[in-house]
Amino acid sequence: MITLSHYLVLSAVLFAIGLVGVYRRKNLLMLLFSTEILLNAANVGFAAISKFYGDLTGQMFAFFIVAVAASEVAVGLGLMIVWYKRRGTLDIDSMQSMHG
Amino acid sequence: MDHILSVLVFFPAIAGLLGFVVSKESIRAYGLSVAAIEFLLSLWLWFNFDGSYPGFQFVEVAPLIPSFGINWYLGVDGISLFIVILSTFITLVGLIALSIEKDLKNMIISLLFLEMTMVGVFLSLDAIIFYIFWELSLVPMLYIIGAWGGNLRVYAAVKFFLYTFAGSLIMLVGMLVMAYLYHEATGVWSFSITEWHRLILPEGYQYWLFLAFFIGLAIKVPMFPFHTWLPYAHGQAPTIGSVILAAVLLKMGTYGMVRLPLPMFPDAAVHMIMPVAVLSLIMIIYTAMVAYAQEDMKQVIAYSSISHMGVIVLGTFAMNPEGIAGSIYLMLGHGVVSGALFMLVGVIYDRRHTKLMSEFGGLAHVMPRYATIMGIMVMASVGLPLTVNFVGEFLSLAGFYQISHTMTILAGTSIILGAVYMLTLFKKSFFGEVTNEANKSLKDLDGKESMALWTLVFVTVWLGVYPKPVLGPINTSVESLVSFMHKKAITKEAKETIRPTVIEREAK
Amino acid sequence: METYLYIALFAPLVGSLFASLFADKPKTIITGLATSALLFVSWVSSVVLLLHVAHGEAVHVKMMDWIQAGGLSIPFGFNVDAVTATMMFVVTTVSTVVHVYSMGYMDHDKSFNRFFAWLSAFVFSMMVLVMSDNFAGLFIGWEGVGLCSWALIGFWYHKESASWAANEAFIMNRIADLGMLIGIFLVYWNFGTLQYDAVFAQVDKVDAGILMMTTAFLFIGAMGKSAQFPLHTWLADAMEGPTPVSALIHAATMVTAGVYLVIRANPLYSEVPEVSLFVASLGAFVAMFAASMALVNRDLKRIIAYSTLSQLGYMFVAAGVGAYWVALFHLMTHAFFKALLFLGAGNVMHAMDDELDIFKMGGLGKTMQATMILMTVASVALAGIYPLAGFFSKDKILEAAFAGHHYILWAVLWITAGLTAFYSFRLVMLVFFGEERYKIFGYHPHEAYKFMLWAMSPLAVLAVIAGFFEHDFVHMVKAVLPVEEFHVSTGTFWFLIIVTQAVALGGIAFAVWKYSKGGFSEKWRETFVYKLLFNQYYIPKIYDEYICKPYAELSKIAWKELDVRVVDATVDFIATTIYKSGMVSRVVQSGNLSNMLRWMGAGLLILLLAAILYSPVR
Amino acid sequence: MFEAIAFYTFSAITIVMFWITVTSKNALYAMSALAAGMIMISGFFFLLDADFLGVVQIIVYTGAVMALYAFGMMFFDTTRDVKERVRAPKLVFLLSGMTALVLVIALVAPILGDHIEALYPMKEGIENPQAVGVVLFTKYLVPFEVAAVMLLVAMIAGIVLAGKKMDESLTLKVEDEFTQKGAQ
Amino acid sequence: MLEPISVSLETLNLSTLAPMLVAIVGGLGILVVDLIKKDLDKTLYVMLSILVLFVDLGAVIGQQVGDRGFFDVMLIDGLAVIGQVVILVASMLFIPLALTSKRFHEFSYPEFFALFLFMVAGFQFMVASDNLILIFVGLETASLALYTLIALHNRDKAFEAAIKYFVMGALAAGFYVMGSMIFYAVSGSVELYKIAEVLKADDYANLPVLLIGVAFMIAALGFKLSMVPFHTWTPDVYEGASASLAGYMSVVPKIAGFVVAMRIFGFLIQADVVWLRDVLYAAVVITMTLANIMALVQHDVKRMLAFSSISHAGFVMAAIMIGTTQANSALFLYWILFLFTNLGAFAMLWVSRHKASIWHERYDHPYEKFSGMISIMPVGAVIMALFMLSLAGVPPFSLFWGKLYVMSAAVNADYIGLAIIMAINSAISAYYYLKLIVYMFLRAPEQNDGTVYVQNASKPLQTIIGFSAFLTVFAVFAVEPMLQIITAYVQASGF
């Protein structure tokens, strides 16, 4: 019997995988991938809770998260393009002009 | 003149603002006239002051933040009246003797703002208003020290600012707690000091609050071990800065002690007499020794200030009318005398650009008038009778004698040690032959310096010979303060320690 | 009478202020004349007052309130009774003489005007001291004379030794003043007032222990001003001042202030025999102690200074044994002959171009006959030979000591009387008689101005005749001081006189005999005793080594080590620590996005850990 | 039973795919794995009766987002292996591992839901997209519109940032250069 | 089958939506204007934006406090109204800063102004709802616009700033959704009032799980409010963005964040969740202190102000932690006062902005730049000093009253220790503000050229600075009325 906890744990695991990506990725694009994973992890959770409570709100939230994710991609890609045009790299180690 | 106090507070500030418009050439005259008018206003205040009434006079109340109990609340009693006059007087005299040429306009405007803050501190009866002026006074002083000072001026100025600022923030917390407790007790928000006085707190609260207030005030005084900002500030400040710092700003601390923690927390204050007295003794003896070791004339006087402030604090904590009245009188005395001394050092600094005693010697030959005034002030500083300092010192020590015999003897060493460093200073710089070529052609005091200094000499002697017109009102207010504290005290110990003479007299 | 009182009091002040107007101007004789004249006026007033109070009627005025705070009320009040009047008489007499004398003595000094300003100021302070009707007023005068003494000792401030001596005198006096101040506080808190009459009226109401403390602390004050051991060193050094100053301040008036205080406070002292005994013992000790130092000193003025010290000891003995009137009497006679002695010494110094070593003098009597006579008279008076003034007073002291069964005191004083006679005549012999050694050093001595000698003459006359007024004096002071008859049998009385006279004459004779033959041998100077005495028992050195230097050293440490390195460094340490921790925590801000993300993750992790590990009850 | 098998299968695949996404050196692999993982997630949605969401997931992610990424990747020329110097890799795993652990510990326990009532209950007989549509256009109309604005913002942002006008920076140009330009 | 939907317009309460609609329509309008005619001057857009904001403000003020609208998604309580007023006033003060005399890249885009208005609308949605979904969407709208606005400054540092902000924002968004998910899991709702009800009915049985959600929420909001250690973006982003935008960022997103934080944490704190209280206590103290000590060692004024604004945010977060009415009112009072002062300070930097790096290769506003300003430009120096003193909390300048009130709130809620920490932090912070004053007043100028500080100054900028300075000095007279209004509003919304 798959319970809510199963899904939540899955969600947590996916979230953690996303975190791994966020922490270790140096390429901006890949970093963006990882953040997508984070959002999707939550989506699974929402959908599951929604199902187990028989409530549609969770699905709503997931829906909006998808929308947000899409918007983020657009803005993120825009920023990356500008940066890439300037610097020719997407490595985040290249952006350390501000520190201290 | 219903709003004389507000006028007194804001007149210099408004004049300072208008001063931006005045041309550079006439700014000096402008500053002098403003200071003179302000001084005359304060004299007018004295003239109209009823010396036999112990409470606050010329009271002004206007709501500022009524929902939080903050009011524009001014008033003057015998305790504050003369310190206000001292502030305006010293500003005037300092302006007369001002010898700075660089950025004179900025200097004078800063001084006028400083005057506002000084007067404000002594007149305000609302804790927040008090705090505002208290903090605000740091700003012009910071500028004066930092912009016209010596080599280490920035360090000194910042140290001065931060040290005092940090201390007073602790005091602010104390004020907030006090307001809270007042609110708990009465259901009304109030920052009025006179209202706070009426609040009787349990002992436990009193200690902490006392401590909070005391730390803030002690740094300003400055009490050992919070005193180290002072030598720097004095050492680096220009003459006018030192004069005002020593004469008035330090008094804010001791004035605050009389005004805030003592009547608010009489029981805690009584319990704290011993620790405070020990600190004062350290101040008196230790700083006197440090003063003796100094090589720089100004530093000697700076440390001597600390030593004298120790006597003032001691007098305050005598908790009897003699001691408190004496300490207030000594505040005035020390204001005049140390102001004069710093001014005197400034005179020689203007001529030689050094303050090291080893550079001088035999100045009495070349500058006899200067030496005379210096001599008078040195003697006043060591507390010779018939000078203003004696009256204060005598009363402070006499007052404290009631508390402790041994400690008074120790504190009394100030008259010995004071003589030691002051006379050494005088001997090193003024006696002997003129050895340094550069000193042979020094000019004696010029007109404006003489005028300023002789005025101070006059005040020094006058207040030493005939203190009554000043001491009378002080005494009236202090006596009522002490009997108030007596009545308010809740512990037996405090009731016994705070013995108002009025009651004793009536008992007889 | 009040007018006379005010005139007597303020005439010197007026003179002083007048002279000070000319302080930085070149010499004008007018200052000298004016001050002298005003002092004469003051003297006249004093005499009038003296005659007035001789009938036992005190004059009391209250000029104005001075300090009024809490229960403390101090007026500027003046009270002239017999004691005060005597003191006033002494002060004005001596000072008038000294003023006139100084016009000659300070003739060539460029700070002539300043001198008179200070001198008159001193007289004013002294008058305040003696005339005040309360302890605080006394203290004003007390400090005032200290100030003037400081200024006058350091009159020639270009001399290092003079300015040093001035400061020493001031600081030593301050030490004692602290005791005095504490005494005053004790009086205030126990009697509730500082007025003499009010205080003395309630002596019996106050606890004996308190009374003992009070009198002891007051006496500490007296010890300083009267240069009693161990605060005596300043007096000898004070001889750096101009000689008239020494005559006026350090012989006749200021140094006797301590004695005056004890006399004035006699109702207190007579209640506490322990303290009184201590006073007497210390007096006797100092009398002998100072006399012993005078025996070997080579400095003309210092010898006289030590003799002053010694005589002050006598006065304290008298006061200590309860014979207050005798003390006052000796104070008066001593003032006359000691001032005379000093002024004579001034003449000698003038003649010798400020040379002070008596071994460089000798045979001056030929050129300075008048001075020689005056000084010899004074010395005889000092030695206490009948019928000069010294005899009457000193003899009474010995008698009082004996009558009080203080035989040891008596013995000490008796020996001292011999020593006194010896060193006085040692001085006279070495200066005025014998070989004219000054010629070797190329001095050309000359007699002082005539008017100076005339000025001295009143003192000489008084030194001779003052003793005969003993009975009038006793009659006069009876109203104020306890005058008890000493219970000694007539036999004892005469025995004492004879013994005393014998030892004094013996001393004189020995001195004359010894020094007419050229004095002691050189070997004497090698002995330990000589060195000990000559170096003043090494006391100045001890003070210097064990008090002054350590204090200076300690001060340096307090400043450089404690204040700068500990207190200030702590403050700075706190500040720099905060600042440095800022530098350290900058690591967080590496600017690397990856790190920033990890910080966020770390923050989250901490919060999550807190969520499961830290769970206080809700 | 079917549910369990599906759940575990999907979970396994999703985890593996995402793991590849975050660890792969090849951007193309990473992207493909991400797309695969997204599809798997839509599988969960279907499994959880959120058909609408599942469809949206496939369309938006695997359709739009992945297309955008692919587009970007071509632009960035990251088809080759990406070089990444990962500093302190242990820290990465420590942080994320611990986070995972804590989350798992906290979420394993069943959640008590006594007082939870569904505000917008799924009703029998109503298809999921229908139900979602009703809620979306009543209750969540405002967020929906805001999301539209958000997408507009994102669009403008993308256009503006990627536009040609950004190639020349007015911010860095000193004022003189403008005047020179005007003079020409 | 589905029941037919019937909704009456009255129950929708459309007026609750009016302010945001104004902003959005305004933004669209600007886009349309641009479509119709290219290359219109920026002044037009600035003025249009101000007008739109003005109308927006009018709509906000006209709102009925206590209303819910649109199926209870919108919540117009006191917090929402004050929050929106602060946002709008700050925006109105900010947007004229575009009227510089130098040309900057971002202002050449009409889209800049459109995005700006959308962003404002996003923030307004954030504060005007207690629905986690709407908050999230509003937040993202605003954030995405903000990233773009930063990047539009068009220089390397601006991009770097935008990217850093963006990536970290994405992570924070992840935290937010996880937090929301857990909230949803324990309560079955995403509406805060509902969540509160459910939790209370449960008697907080799911507290351990809830705390996990709260932790995520703290992290997510901590990022917005730049709480340590989620603050790392702040200095870099402020440094990279233009000074005016940095000033804006230090005020507006944070007030939105505060309102959300107040809503989310408020009920938990009122329900006495000790854990949250303690954690926030620690976070507040660390934020204040660490930001302060890092600000001490900065070389650039803008960066220093960035750290200082972190510290100020920490200070204010304390109010949320305390959670009394007084504290919550204090928060708004503080932030309104901070608005004028900080925006003024950043505007001063903006006015003195150079295009070339004369002073330092990296920094636009190193301390050295301001050396001896008093002798070159006395009025400017005095005004800047006023702002610095105010930020340091020297009475009677504006922020003192805020600090006073927050500290008083702490004291009244028995957090005397916290009040003392606040006091000590104020003292530490005085050092770095003073540093600038020292440079301006106590040092000799390095370059004696009167135009150094007025590179960018135009009349509107000067007006704004003057206005801010005026309010900074005479804040004391504004405190009482503000306090009345704020307390009334805060009390009305049950905090």
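See above for the structure.
Residues numbered from 1 in each chain as written. Chains lettered and ligands numbered in written order. Predicted model: local features only at pLDDT ≥ 70, side-chain atom pairs only at ≥ 80, totals over all residues. Heavy atoms only, no water.

### So, the overall build of chain E
Phase 1: Broken down by element type, chain E carries 20 helices and two strands.
Phase 2: Rg of the C-alpha trace for chain E: 22 Å, near the compact-globule value of 23 Å for 495 residues, within the 12% margin.
Phase 3: Taking the principal axes of its C-alpha atoms as reference, chain E extends roughly 80 × 60 × 40 Å.
Phase 4: Within chain E, the fraction of its 495 residues that count as buried is 76%.
Phase 5: Excluding contacts between residues fewer than 6 apart, the proportion of contacts in chain E whose partners are at least 24 apart in sequence is 81%.
Phase 6: With an accessible surface of roughly 11,900 Å², chain E has 65% of that area assigned to carbon and sulfur atoms.
Phase 7: Side-chain charges of chain E comprise 25 positive and 31 negative groups, with the mean position of each set lying 10 Å from the other. (Helix = DSSP H or I, 4+ residues; strand = E, 2+ residues; numbered from the N terminus. Rg over C-alpha atoms; globule rule 2.2 N^0.38 Å. Buried < 20%, exposed > 50% of the residue type's maximum accessible area, 1.4 Å probe, protein only. Contact = heavy atoms within 4.5 Å. Areas by Shrake-Rupley, 256 points an atom, 1.4 Å probe, with all protein chains shown as cover. Lys, Arg positive; Asp, Glu negative; His and termini not counted. Charge placed at Lys NZ, Arg CZ, Asp CG, Glu CD.)

### Focus: the overall build of chain D
Phase 1: From N to C terminus, chain D includes seven helices and zero strands.
Phase 2: The C-alpha radius of gyration computed for chain D amounts to 23 Å, which surpasses the reference 16 Å derived for 184 residues by more than 25%, pointing to a less compact arrangement than a globule.
Phase 3: Per-residue burial over chain D gives 45% buried out of 184 residues.
Phase 4: Surface accessibility of chain D: about 9,300 Å² in total, with carbon and sulfur atoms responsible for 70%.
Phase 5: In chain D, 12 side chains carry a positive charge and 16 a negative one; their mean positions are 14 Å apart.

### Some words on the nonpolar core
Phase 1: Counting 833 residues, the largest nonpolar core has F161 and F317 of chain B, F135 of chain C together with F265, W275, W401 and L418 of chain E as its most contacted members.
Phase 2: With 21 residues, the single largest contributor to this core is helix α7 (residues 156-187) of chain E.
Phase 3: When residues no more than four places from it in sequence are discounted, the contact partners of W401 of chain E are I65, I70, I128 and I132 of chain B together with L333, L337, P396, A475, V476 and V479 of chain E. (Core = buried A, V, L, I, M, F, W, Y, C linked by side-chain atoms within 4.5 Å.)

### Re the environment of A475 of chain E
Phase 1: Following the sequence through the fold, A475 of chain E ends up in helix α20 (residues 475-492).
Phase 2: A sequence separation of 77 residues divides A475 of chain E from S398 of chain E, and the C-alpha atoms of the two residues are 4.8 Å apart.

### Structural notes on the interface of chain A and chain D
Phase 1: Taken together, the 68 residues of chain A in the interface contact 88 residues of chain D.
Phase 2: Summing both sides of the interface, chain A and chain D together bury roughly 7,000 Å²; the carbon and sulfur share of this comes to 74%.
Phase 3: Of all residues in chain A, the largest losses of buried area upon contact with chain D belong to R24, F33 and L56 of chain A, amounting jointly to 9% of the total for that side.
Phase 4: We note a salt bridge from D49 of chain D to K51 of chain A, for which the minimum N-O separation is 3.1 Å.
Phase 5: Among the elements that make up the side of chain A that touches chain D, the one with the highest residue count is helix α3 (residues 57-87) of chain A (24 residues).
Phase 6: The residue makeup of the side of chain A that touches chain D, split by class, is 44 nonpolar, 14 polar and 10 charged. (Buried area = accessible area lost by both parts, 1.4 Å probe. Salt bridge = Lys/Arg side-chain N within 4 Å of Asp/Glu carboxyl O. Nonpolar A, V, L, I, M, F, W, Y, C, P; charged D, E, K, R; others polar.)

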